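Each chain, written out:
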Amino acid sequence: MKRSSPALPALMLASVIACGAASAHADDIVADAKANVERLGATKTAWTGPASAPKVESGKHIAYLSANEQNDGERQWGQALAEAAGKAGWKVTIIDGRGSPVSWLSGMNQAISLKVDGIVTSADARSLAAPIRQANELGIPVVGIHAAGTAGPQPELGLFTNIQQDPASIGRAQADWVIAHSGGKANVVVTTSGEYAIAMVKATAVKDRLEQCPDCKVVEFSNTPLVEAAQRQPQLVASWVQKYGLPLYITAIADYTLDFQVPALKAGGVDPSKVFLVGSDGTKSAYSRIRGGKEYQTVTVAEPNAYLGYQAVDELNRAFHKQEPSGTVPPPYLVTATNVDVQGGKDNTYVPDNNFAERYLELWGVK
């Protein structure tokens, strides 16, 4: 009769220890994600903007080149910018880039031809290298909103500064919600639009964070043009459900793309408790879906759109006075069914409770 190898129990013990360690790691990831979700959904009352600013001089003429006025965020940035600029005594011309790099180029050239004092754009700055360089040579400062992959000064792109939340933080917030909601066990389709640098940063951060979760799986990383969302998203979402089954999580770099996924899911009779759409931007339609509870979208990382419009005026004012950018980067805010009606939510937008408009006007010396 043969004796058991003494190495076998040792191997079994090592396997048990390894499994226990992996389980503990997974539990730690879930606990960390839940803590982050709670923190990111908390009311934002602290003023994190600048402590000082140069006084504004009236009479300036600025242009806002919107990447796409069909997008709630792009449109609201321009509206808030026009409001803030009007209070500063500035004239604003709004140009619609219609979601196309070709139209962006045309719009930037139009802004330059108007001989404006400054330009704000939400179009991707990489696509506008030549006209931005021309504007700089003419002494016209250019400020971006979501125009680059990161916030802050972008000298290589010709931007005085780029205004936005940190896209990597937004992506991690989306991933943390998925991890927390699924208990660390999720199949996820991560979507993006490669024509925008910010979109790639955001989506890559989602993927990287999910890969830290042992039992989460990124089943597909989908990259399609945002301008083609209406044509492509309905077919794509139907194919993902068929290919990967349920439950399924889908993250988006913009709530706008979900506008075209939801009708397709409804038409296909897909159970809304089995597909979880995780958005970004905080559009009116996103708020409505989250509030409804049966519209597939359960969360969005909302941008403080009006805040960004005021910040754009502040940054241009600093550029006009040859000062450095403010360095302000608004923190992410996670909107779910539990907080959908606070901080501007009743009006389907995110407005931080920190009196940002009054604070900026006071800094500018505007009464």
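Nothing here was measured: the structure is a model prediction, and the numbers come from that model.

Parameters at a glance
Residues numbered from 1 in each chain as written. Predicted model: local features only at pLDDT ≥ 70, side-chain atom pairs only at ≥ 80, totals over all residues. Heavy atoms only, no water. Helix = DSSP H or I, 4+ residues; strand = E, 2+ residues; numbered from the N terminus. Rg over C-alpha atoms; globule rule 2.2 N^0.38 Å. Buried < 20%, exposed > 50% of the residue type's maximum accessible area, 1.4 Å probe, protein only. Areas by Shrake-Rupley, 256 points an atom, 1.4 Å probe, with all protein chains shown as cover. Lys, Arg positive; Asp, Glu negative; His and termini not counted. Charge placed at Lys NZ, Arg CZ, Asp CG, Glu CD. Expected span 1.5 Å × (residues − 1). Pairing = 2+ DSSP bridges. Axes fitted to C-alpha atoms, helices over the stretch in contact; angles between N-to-C directions. Arc of directions from axis to C-beta. Contact = heavy atoms within 4.5 Å. Parallel < 35°, antiparallel > 145°, perpendicular 65-115°, else oblique. Left-handed = near helix turned anticlockwise from the far one by under 90°. Nonpolar A, V, L, I, M, F, W, Y, C, P; charged D, E, K, R; others polar. UniProt positions renumbered as here; feature names shortened; annotations may be inferred.

Chemist: What is the right way to look at the overall build of the protein in this model?
Modeler: When you go through the protein residue by residue, the secondary structure sums to 11 helices and 12 strands. Whereas a compact globule of 367 residues would reach a radius of gyration of roughly 21 Å, the protein reaches 23 Å, a difference of no more than 12%. Structurally, the protein occupies a C-alpha span of about 100 × 45 × 40 Å along its principal axes. Expressed as a percentage of its 367 residues, the buried residues of the protein come to 53%. For the protein, the exposed surface amounts to about 15,800 Å²; the carbon and sulfur share of it is 53%. Where the 33 positive side-chain charges of the protein centre and where its 36 negative ones centre are 3 Å apart.

Chemist: What is the right way to read helix α6 (residues 197-210) from this model?
Modeler: Each α-helix winds once per 3.6 residues, and so residues spaced three or four apart point in a common direction. With 14 residues, α6 extends 20 Å between its outermost C-alpha atoms, agreeing within 8% with the 20 Å of an ideal straight helix rising 1.5 Å per residue. All buried positions along α6 are accounted for by A197, I198, A199, K202, A203, A205, V206, R209 and L210.

Chemist: What should I look at first to understand the sheet that holds strand β3 (residues 118-121) in this one?
Modeler: What links the strands of a sheet is backbone hydrogen bonding, and the strands pair in either a parallel or an antiparallel sense. The mixed open sheet is built from six strands, whose spatial order is β2-β1-β3-β4-β6-β5. Pairing within the sheet leaves two strands with one partner each, and these edge strands are β2 (91-96) and β5 (152-154). Strand-to-strand, the axes of this sheet are offset by a mean angle of 25°, without reference to chain direction. Summarising the sheet, β5 and strand β6 (residues 159-163) pair through two bridges and their orientation is antiparallel.

Chemist: Explanation requested: helix α11 (residues 356-364) in the structure shown.
Modeler: Residues F356, A357, Y360, L361, L363 and W364 constitute the buried set of α11. Take α11 and look down its axis: the buried residues cluster within an arc of 160°, on one side only. Looking at the buried positions of α11, the neighbouring elements they touch are α2 (72-87) and α10 (305-320). Positioned one or two residues after α11, G365 has a phi angle of 75°, which is positive.

Chemist: Quick question: what am I supposed to make of unusual backbone geometry here?
Modeler: Trans is the prevailing form of peptide bonds, just as negative phi is the prevailing case for residues other than glycine. With omega at 0°, the peptide bond leading from L246 into P247 counts as cis. Positive phi is not limited to glycine here, since R98 has a value of about 55°. The residue R98 is located in the loop between β2 and α3 (101-113) in this model. With a relative accessible area of 59%, R98 lands in the exposed category. Phi at N355 is positive, roughly 55°, even though this residue is not glycine. Position of N355 relative to the elements: it lies in the loop between β12 (333-335) and α11. N355 sits in the exposed class, given a relative accessible area of 51%.

Chemist: Help me understand the packing of helix α7 (residues 229-244) against helix α8 (residues 255-267) in this model?
Modeler: Each pair of packed helices can be summarised by the angle the axes make with each other and by the distance between the axes. Here α7 crosses α8 at 55°, and the two axes come no closer than 8 Å. What the angle tells us is that α7 and α8 run oblique. The chirality of how α7 crosses α8 is right-handed. Contacts between α7 and α8 involve A229, A230, Q233, P234, V237, W240 and V241 from the former and Y256, T257, F260, Q261, A264 and L265 from the latter. Residue composition of the contact of α7 with α8, by class: 10 nonpolar, three polar and no charged.

Chemist: When you look at the UniProt feature "domain: Periplasmic binding protein" (unreviewed entry) in the protein in this model, what are you seeing that I'm missing?
Modeler: Under the feature "domain: Periplasmic binding protein" (unreviewed entry), the UniProt entry names residues 62-319. Taken end to end, residues 62-319 is 47% helix and 23% strand, and its first and last C-alpha atoms sit 12 Å apart.

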